[in-house]
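Each chain, letter by letter, is given below.
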Amino acid sequence: MSIKYFGLAIMLVSHSAYAAAETGACEPPSQSVELVTLEAAITRASDFDRRPDSAEAAIAAARTERSIARLRPADTVSLEIEDFPGTGLASNIDNLQVTGRFSRVWERGGKREARQALAESGVAVAQTGLALADYEIRHEIENLYAEAVFSEERLQLACERLEIATTLEAAIKRRVDAARDPMLASARAASDRLQAEADARRYAIEARDLRAALASYWGSDAEIRLDPSVMELAPSARAIGPADISTPHLDSLDAEKARSVAKAEVEKASGVPDVTWSVGARKFGIEDDLAIIGGVSIPLGTGVRSEAGVAKARAEAFRFEAESEALRQELVRKAMAYQRASLSALDAIAEIDTILVPEAQRALDLATEGYNRGAFSYLDVFDAQRTLTALRDARLTYLRTHVLNNIELTPLIGEADHREETLP
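Rules and cut-offs
Residues numbered from 1 in each chain as written. Predicted model: local features only at pLDDT ≥ 70, side-chain atom pairs only at ≥ 80, totals over all residues. Heavy atoms only, no water. Helix = DSSP H or I, 4+ residues; strand = E, 2+ residues; numbered from the N terminus. Buried < 20%, exposed > 50% of the residue type's maximum accessible area, 1.4 Å probe, protein only. Contact = heavy atoms within 4.5 Å. Areas by Shrake-Rupley, 256 points an atom, 1.4 Å probe, with all protein chains shown as cover. Pairing = 2+ DSSP bridges. Axes fitted to C-alpha atoms, helices over the stretch in contact; angles between N-to-C directions. Disulfide = S-S within 2.5 Å. Salt bridge = Lys/Arg side-chain N within 4 Å of Asp/Glu carboxyl O. Patch = residues over 30% accessible without salt bridge, like charges linked within 9 Å, V, L, I, M, F, W, Y side chains within 5 Å. pLDDT = per-residue confidence, 0-100. Phe/Tyr/Trp six-rings, centres within 6.5 Å; stacked < 30°, edge-to-face > 60°. Lys NZ or Arg CZ within 6 Å of the ring centre and 35° of its normal. Core = buried A, V, L, I, M, F, W, Y, C linked by side-chain atoms within 4.5 Å.

Novice: Go over the overall build of the protein with me, naming the residues and quoting the values.
Specialist: When you go through the protein residue by residue, the secondary structure sums to eight helices and six strands. Reading the protein from its N terminus to its C terminus gives the helix and strand order α-β-α-α-β-β-α-α-β-α-β-β-α-α. Split into buried and exposed, the 424 residues of the protein put 38% on the buried side. Restricting the contact set of the protein to residue pairs at least 6 apart, pairs at least 24 apart contribute 82%. Summed over its atoms, the accessible surface of the protein is roughly 23600 Å², and 56% of this surface lies on carbon and sulfur atoms.

Right, dumping it as structure tokens:
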């Protein structure tokens, strides 16, 4: 995600605006609050953002250049007056000559076709700018949306811990009041409950800040609800190669290379000299003497300049090709790293869900039962509860790793195969 725009979105949100929400952090959101899905958020942000407008203006300018490229060189009309009457010996008006001439350039070597091809390639370059703008907006929104949903999931987990801590505190207090447990047990339970309350308040503020930052992308300050299903995406485990990578950044470099190739053709065509022909009439003096004139002009030395221009354009085309291949190699490495991280997180989640959490829950149940019978101390219950809480926190962290890496991976390899499996 673009750090510049993500940071700007966060700065637009006042953290103090939610300071008053320290109480009731675990209250469920009202159903009257609008639900904004990920695709709806992307659409709204794209409609509000001015980056696509700038790219579309560049496309319009490139299309205008394409229309201009179709035009042939303008014809010229000239009027010349020679031997204008002066003084003394030059005062005779019979020496006056007036010449009118019409000139037209005959373009040779396919210059117009090459010029049109260059202008067409300029349109393609401008169009990649629009694709890049859309790509950046989608990428920023997907990351921010996922972070906001993750924060809400963490808040929900904190609220569940708070509920458990409150229940456990009440149970321990009854045993302390009955002199079955020391006062330390009650203090420990109260401390855990206070910590859970503080976590819930902090996560509630963080979630609201992120939702507000998200809404700022379409200029809104209204409260919104998010769709938690974005935390359930899973990538495929297929092999990734250079041919699988496709991004607007590569398309932009390819378009720049094509423009350089087209520019080389323009430079090559310029090595064929154009012929400028002219025709006109010349009038002599004040009599009716009239003559028809004509002429042809051909520039010299165009070949040397053309060869230098062709060499420069071809060097630029090679540079863009090398940059494209280097970027493709880098993106392949990144895609493989994203996939490995995503699948590793998925494996860790599966282990937590199928092995670790059930065993931790069983240990908590046994500790709670033993505590109620007086066989275990309150510390055994606290330790068992903390183990289960740590596992659930770890699962959520792995889920975040999985989703964020999937967000980075999907635009690189396309969306055809990344939904082969989903998390429960």
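So that's the structure; there's more coming.
Novice: Quick rundown of the pairing of strand β5 (residues 275-284)? Include the residues and the values.
Specialist: Here strand β3 (residues 97-106) pairs with β5 via ten bridges, running antiparallel. Across the sheet, residue V105 finds its bridge partner in β5, namely T276. As paired strands, β5 and strand β6 (residues 289-297) are joined by nine bridges and run antiparallel to one another. The partner of R282 across the bridge, within β6, is A291.

Novice: Now, about the environment of A204: what can you tell me, with residues and values included?
Specialist: When you line up the elements, A204 lands in helix α5 (residues 183-215). Remark: the alpha-carbon pair of A204 and R154, spanning 50 residues in sequence, is separated by 9.0 Å. Ignoring any residue separated from it by four or fewer positions in sequence, one finds A204 in contact with A25 and L155.

Novice: Please give an account of the sheet that holds β3 that cites residues and values.
Specialist: The strand order across the open sheet formed by four strands is β2-β3-β5-β6, and the pairing between neighbours is antiparallel. For this open sheet the edge positions go to β2 (76-82) and β6, each flanked by a neighbour on one side alone. Taking each pair of neighbouring strands and ignoring which way they run, the sheet shows an average axis angle of 20°. For β2 and β3, the ladder comprises seven bridges, and the chain directions are antiparallel. Note on β3: the bridge partner recorded for E80 is T99.

Novice: Now, about the state of the cysteines: what can you tell me, with residues and values included?
Specialist: Covalent bonding between the sulfur atoms of two cysteines defines a disulfide. A full pass over the atoms with the stated rule returns one disulfide. Paired by a disulfide, C26 and C159 hold their sulfur atoms 2.0 Å apart. Residues C26 and C159 are joined by a disulfide whose S-S torsion is about -95°; by sign, that bridge is left-handed. Residue C26 is found in the loop between α1 (3-11) and β1 (34-36), and its partner C159 is found in helix α4 (residues 111-177); the two are separated by 133 residues along the sequence.

Novice: An account of the pattern of salt bridges is needed here, citing residue identities and associated values.
Specialist: Throughout the structure, instances matching the rule amount to 29 salt bridges. Residues R51 and D49 are paired through a salt bridge, measuring 2.8 Å at the closest nitrogen-oxygen approach. Under the relative-accessibility criterion, R51 is labelled buried at 13%. Among the ionic pairs, R154 bridges to E206, the shortest N-O distance being 2.4 Å. Residue R154 is located in helix α4, and its partner E206 is located in helix α5; the two are separated by 52 residues in the primary sequence. A network of salt bridges, in which partner residues are shared, links D49, R51, E136 and E140.

Novice: Just give me the short version of a nonpolar patch on the surface, but keep the residues and values in it.
Specialist: Residues W106, W277, V279, I292, V296 and I298 make up a contiguous nonpolar surface patch of roughly 650 Å² in combined accessible area. Put simply, the parts of the chain that give the nonpolar patch at least two residues each are β5 and β6. Within the secondary structure, W277 is located in strand β5. Under the relative-accessibility criterion, W277 is labelled partly exposed at 33%.

Novice: Could you give an account of the confidence of the model for the protein, with specific residues and numbers?
Specialist: Averaged over every residue, the pLDDT of the protein is 84; the share at 70 or more is 87%. Model confidence for the protein, summarised as mean pLDDT per element, is weakest for α1 at 45 and strongest for helix α2 (residues 38-48) at 94. Note that residues 3-23 has pLDDT below 50 and, in this model, 25 contacts with residues that lie over four places away or in other chains. Confidence drops under pLDDT 50 across residues 416-424; counting only partners more than four residues distant or on other chains, this segment forms 24 contacts.

Novice: Can you explain the packing of aromatic side chains? Please cite residues and give values.
Specialist: For the structure on display, the rule yields one aromatic pair. Positioned above the aromatic ring of F382, the side-chain terminus of R188 is 4.9 Å from the ring centre. Between R400 and the ring centre of F150, over which it is positioned, the NZ or CZ distance is 5.4 Å.

Novice: Explain the nonpolar core to me, using residue names and the numbers behind them.
Specialist: Among the nonpolar cores identified, the biggest contains 30 residues, and I141, Y145, L214, W218, I224, L226 and M231 are the most heavily contacted of them. Of all the elements in the fold, those that place two or more residues in this core are α2, α4, α5, β4 (224-226) and α8 (378-413). Counting residues per element, this core draws most heavily on α4, at nine residues. Contact partners of I141, with chain neighbours within four places excluded, come to L38, A41, I42, A45, L214 and Y217. L168, A189, Y371 and A384 belong to the second largest nonpolar core, which has 15 residues in total.

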